[in-house]
Amino acid sequence: MSRTTPSTLDRAPQVPPVTPQATGYRMLPQLAGRWFLPLAFLARLPFSMTVIGVMLLVTSTSGSVGRAGLATAACSVGTAVVGPLQGRLADRLGQRVVLLVAAPVHAVALVLVVVAALGDRSLVELLTACVVAGGSSPQVAAFVRVRWMGLTGGRPDSLRTAMAYESTADEVTFVLGPALVGVLASVAHPAAGLGAAAALVLVLGIAVALHPTASAAPSRAGSASTARAAGLAQVARVVAGPVVGMLAVGGFFGATQAAVTAAATGAGRPGLAGLLYALMGIGSAVTALAVVLLPDAFGLRARWLVGATGMAAGSGLSLATGSLGPLALALVVTGLFVGPTLVTLFSLGSRGVDPRDGGTAMTLLISANVVGVAAGAVLGGIVADRAGGAAFAVPLAMALVLLGAGAVTRAGRTS
């Protein structure tokens, strides 16, 4: 009988063993390979470019902010509904096949959104294209986290380091993505942002799919159906608390965006809204990286509670400010607590779940965040229209919901 030799793509990544000197973030390139970190970082940029790209394009072509709001909401609905399905398929079939399908479909869908907007197509056609674009968006951030679950062998310290890096990468891309779209819209055309996102996702999404680390992601390929059913039950049980937490964090983000926009507009400086909001993201990215320095005695549940308390205090400061200068300082302070909270929620989402269900768990968390952002933006916008700067009461309320969720989540799963 002849022996079958596995293809290069199906082999586990051939990387040097981690040396004793490689600690903290220095071990990540050794585990995944030198080029994986920049590749995975750039590959998530299209996700952060889509919503703002749709908003700018539809607003400029239709002259209606309301129509643009519906279009961006349709993108979010698509992501929230189909994202976890992508995760479940990846758990069953492997990440490679899911990404190789999702990346080109997403690129085509973004082109269709551009065609619908520029061609003044019906609202139904536009929203359909947006739903497909959102649903087909490759879940790079979630899938990369699952790969780290395999690459680190589930070792708590190593996995926490990887999760901290990933949260920082998310924060940085969610600052760079919208900025890139804004630059392209200014120097070229409002459609250029979505065009660039389509090109990036086609090239980089496929590159992530073909990277050898895809073999490190645990999956249930070949498992019995009973094992799959048990896995789903376990995912639902383990990630319920973190999912509620991510929903609240998303609501906090969306409401803060609306409140910052209202405050900048009220001060006669609407162009500063994006810069002010970015201040919170920068602070969040810095402290997310610093999570690895926290002692093990400061458990995950305690970090959740402290992070939520800090976010609530920061929103209270923002609510009390009367000018943009103090508001900028309040947003920086708020961001210092956001990063560690995100790292904590993702770490909790991976703890206790069967690694073969990691894709489902991670996409559930990210989808909850997407839903929260959309809901928070709507609620924050309504309050901002009626009460201006008092809209910071909405992110304050979201932070209190986050605090409550952390308080009632069972300590046995969170510490």
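Parameters and conventions
- Residues numbered from 1 in each chain as written.
- Predicted model: local features only at pLDDT ≥ 70, side-chain atom pairs only at ≥ 80, totals over all residues.
- Heavy atoms only, no water.
- Helix = DSSP H or I, 4+ residues; strand = E, 2+ residues; numbered from the N terminus.
- Buried < 20%, exposed > 50% of the residue type's maximum accessible area, 1.4 Å probe, protein only.
- Contact = heavy atoms within 4.5 Å.
- Phe/Tyr/Trp six-rings, centres within 6.5 Å; stacked < 30°, edge-to-face > 60°.
- Patch = residues over 30% accessible without salt bridge, like charges linked within 9 Å, V, L, I, M, F, W, Y side chains within 5 Å.
- Areas by Shrake-Rupley, 256 points an atom, 1.4 Å probe, with all protein chains shown as cover.
- Salt bridge = Lys/Arg side-chain N within 4 Å of Asp/Glu carboxyl O.
- Axes fitted to C-alpha atoms, helices over the stretch in contact; angles between N-to-C directions.
- Parallel < 35°, antiparallel > 145°, perpendicular 65-115°, else oblique.
- Left-handed = near helix turned anticlockwise from the far one by under 90°.
- Nonpolar A, V, L, I, M, F, W, Y, C, P; charged D, E, K, R; others polar.
- pLDDT = per-residue confidence, 0-100.

Colleague: It is not clear to me how the side chain of Thr344 should be interpreted in this structure. Could you clarify?
Modeller: Among the secondary structure elements, Thr344 is positioned in helix H14 (residues 324-350). Under the relative-accessibility criterion, Thr344 is labelled buried at 3%. Thr344 has contacts with Leu300, Arg303 and Trp304, leaving out every residue within four places of it along the chain.

Colleague: Please clarify how the environment of Gln95 should be interpreted in this entry.
Modeller: Turning to its location among the elements, Gln95 is positioned in helix H5 (residues 95-118). The buried category is assigned to Gln95, whose relative accessible area is 4%. Sequence separation between Gln95 and Pro218 is 123 residues, and the spatial gap between their C-alpha atoms is 9.3 Å. When neighbours within four sequence positions are excluded, Gln95 is seen to be in contact with Ala90, Phe143, Val146, Arg147 and Ala217.

Colleague: Can you walk me through the packing of aromatic side chains in this structure?
Modeller: Each aromatic ring pair is characterised by the separation of its centres together with the angle its planes make. The final tally for this structure, using the stated rule, is three aromatic pairs. Between Phe47 and Phe174, the aromatic rings sit 6.1 Å apart at their centres with planes inclined by 85°, giving edge-to-face as the arrangement. Of the two residues, Phe47 is situated in helix H3 (residues 45-62) and Phe174 in helix H8 (residues 156-187); the sequence distance between them amounts to 127 residues. Using a relative accessible area of 24% as the deciding quantity, one classes Phe47 as partly exposed.

Colleague: Please clarify how the environment of Ala90 should be interpreted in this entry.
Modeller: Mapped onto the elements, Ala90 comes out in helix H4 (residues 65-93). Beyond its immediate stretch of four places on either side in the chain, Ala90 contacts Gln95, Val98, Phe143 and Ser219.

Colleague: Looking at this structure, how should I read a nonpolar patch on the surface?
Modeller: Together, Leu89, Leu93, Val97, Val101, Val105 and Val132 make up an exposed nonpolar region whose accessible area comes to about 490 Å². Looking at the nonpolar patch, the elements with two or more residues in it are H4 and H5. Topologically, Leu89 is positioned in helix H4.

Colleague: Could you clarify how one ought to interpret the packing of helix H7 (residues 140-151) against H8 in this entry?
Modeller: Each pair of packed helices can be summarised by the angle the axes make with each other and by the distance between the axes. Running from amino to carboxyl end, H7 crosses H8 at an angle of 165°, the nearest separation of the two axes being 10 Å. Between H7 and H8, the crossing angle belongs to the class labelled roughly antiparallel. For the element pair H7 and H8, the recorded crossing hand is right-handed. Contacts between H7 and H8 pair Ala141, Val144, Arg145, Trp148 and Met149 from the former with Leu159, Ala162, Met163, Glu166, Ser167 and Asp170 from the latter. Within the contact of H7 with H8, the residues separate by chemical class into seven nonpolar, one polar and three charged.

Colleague: Can you help me understand unusual backbone geometry in this one?
Modeller: The general pattern is negative phi for most residues beyond glycine and trans for most peptide bonds. One non-glycine residue, Asp120, lies in positive phi territory at about 55°. With respect to the secondary-structure elements, Asp120 resides in the loop between H5 and helix H6 (123-136).

Colleague: Would you take a moment to explain the confidence of the model for the chain for this structure?
Modeller: Note: predicted coordinates in regions of low pLDDT should not be interpreted at a detailed level. Chain-level statistics for the chain give a pLDDT mean of 84 and a share of 88% at 70 or above. Mean pLDDT across the elements of the chain ranges from a minimum in helix H17 (residues 411-414), with 44, to a maximum in H5, with 96. Within the model, the stretch residues 1-22 combines pLDDT values under 50 with 28 contacts to residues more than four positions away or in other chains. The model gives residues 411-415 a pLDDT under 50, and that stretch makes 13 contacts with residues more than four places away or in other chains.

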